[in-house]
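Observations on the model geometry
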Amino acid sequence: MRTRLRSLACAVQYNRLHDKLILAFIGVLLSASSVFAQDWSSLYTQTELVEQESKYHYRQEIPRYTRDFIWSALRLDETQRLGNVTLEFPWRGARGAPFDFYADRSRQTIVLPIQSLKFMSDLATAISWFGTYRCDETPLHTYMMLLGSMTPQEFNGEYESPMEALGIPVNARDNPEVDHVANVTYESGLVFVLCHELAHLLYHHPGNLASLPRSISRENEMQADSFALELMSRAAIPPLGMAALMVEQSYFAADIIAFGNDADWEKYQTHPLWVQRVSKLTQSMQAMAPEFSRKQPNPSQTTGGILQCGATLQELATYLADVDLIASELTLARARGVRYLKRACLPQRIGELAGLYDFTMSHPGFPDVVAQMELEQAGEQVSGIYVLYGGTQGVIRGSLVDNRLLFEWELQGLQGSGILSWSQGSTGVMTGTWGYGFSRINCGPCQAVRRR
Ligand SMILES: [Zn+2]
């Protein structure tokens, strides 16, 4: 699964040079939008926020998690300097902004609005969903740009959550692969936020960015980032999904990056991203990669994933430096509009799975097993055999549920389950996971590529 995470949560692609030139050209032709006082509180209703809290118990679970995994990674002198830190969970932040986490030094408190936690969780689900079903990520980036730059009226009368706007099914996380990658992404984002805010308290940084000279507030942000990564490396928590969330955050801020002045920047971004900040994060993350990975089941694989995430962040830094490109992308996003987002990444119902496949089962620490698999289909029921190199024969049986193949396998007295899903528009390549016993995931990734 670590391999999948590497390719899913971190494989965020930027524009190829060709697109870049076209976009820059369009950008010159069209006029800029303007930054305005935005209020994102229509993103979720109060009922939705209450439901989220009663389902996930942030107010109990996050303090507990912080105690177990973050507090314990602090050195004694740091604990003493910090003293008592309180976590606070208002329903919304001051502006109801999506990324509205901050540290209030006067009260020694880290503020984590429920709306921002829900948004980060939904965004992690969306990133995972697009990755799992191998969808083009442009609608996801477009959503973030529109959310950051449109008034609620322009948007749809009110803002829509990532799930709603992108037409992602509410039960998206029923797919164990979507769920796993979303969890890892969300957790890594949350831990980074917590450690970063803790650093602001530890270093006595003033909370109000707008009141500080820009150079100092930037220094403070970079110091908080460094400490956050240091703490995550001590706790051996890989910062994998964080990179993917940062990429989306930069799309959200596209309007301010492209058209805002310094005051807008500080006012509307509690944690603005800029080239030097992202570059420094990248360097630290890559330098510490083995430390983050040391408690993972396959440390060298996770280290490889972190290095690849670093490359994603490096691309992000390059992107942030290109204000003209950001401006043109934003213009293009606004031209596409909200309607473009709907049903952007729904796997199609494809009835016909019968055929011969190269079926590859991976298991960390072992060489891949490649088998020939022949499938037959009757309605929703799929059955077949798979034959290993050397001729050992296994049986596979499954059914189509929500455009995925849920299957059981049997081989020489062993049995287990698995899941395969296909990319949009084609059953030529199916990817998923397999496991022993009742697990569909505990062995690792698997893939079926149609041969005829
Ligand atoms: Zn900060």
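Everything below is about the structure shown above.
Residue numbers restart at each chain and count upward from 1, following the sequence in its written direction. Confidence filtering applies because this is a predicted model: local features only for residues at pLDDT of at least 70, side-chain atom pairs given and counted only at 80 or more, and all residues used for totals across whole chains, interfaces and linings.

1. Details of the overall build of the chain
Across its full length, the chain carries 18 helices and 11 strands. Residues are treated as contacting if the C-beta atoms built from their backbones sit within 7 Å of each other. For the chain, the proportion of contacts with a sequence separation of at least 24, taken over those separated by at least 6, is 68%. Secondary structure elements follow DSSP: runs of H or I no shorter than four residues count as helices, runs of E no shorter than two count as strands, and numbering proceeds from the N terminus.

2. Concerning unusual backbone geometry
Phi angles above zero are rare outside glycine, and histidine 57 is one such case at about 50°. Following the sequence through the fold, histidine 57 ends up in the loop between helix H3 (46–56) and helix H4 (58–70). Using a count of 11 C-beta atoms within 10 Å as the deciding quantity, one classes histidine 57 as exposed. Of note, the phi angle at glutamine 412 is positive, near 45°, even though the residue is not glycine. The residue glutamine 412 is located in the loop between strand S8 (404–411) and strand S9 (414–422) in this model. In this scheme the burial state of a residue depends on its C-beta neighbours within 10 Å: 20 or more other such atoms mean buried, 12 or fewer mean exposed, and anything in between means partly exposed; the C-beta positions come from the backbone.

3. What to know about the nonpolar core
Counting residues in each nonpolar core, the largest one holds 89 residues, and the members touching the most others are Cys195 and Met232. The greatest single-element share of this core, amounting to 15 residues, is contributed by helix H10 (residues 176–202). Setting aside residues up to four positions removed in sequence, methionine 232 forms contacts with Val191, Phe192, Cys195, Ile237, Pro239 and Phe292. Joining buried Ala, Val, Leu, Ile, Met, Phe, Trp, Tyr and Cys residues through C-beta atoms within 7 Å gives a set, and that set is a nonpolar core. Grouped together as the second largest cluster of nonpolar side chains are 21 residues, Leu405, Ile419, Met430 and Cys443 included.

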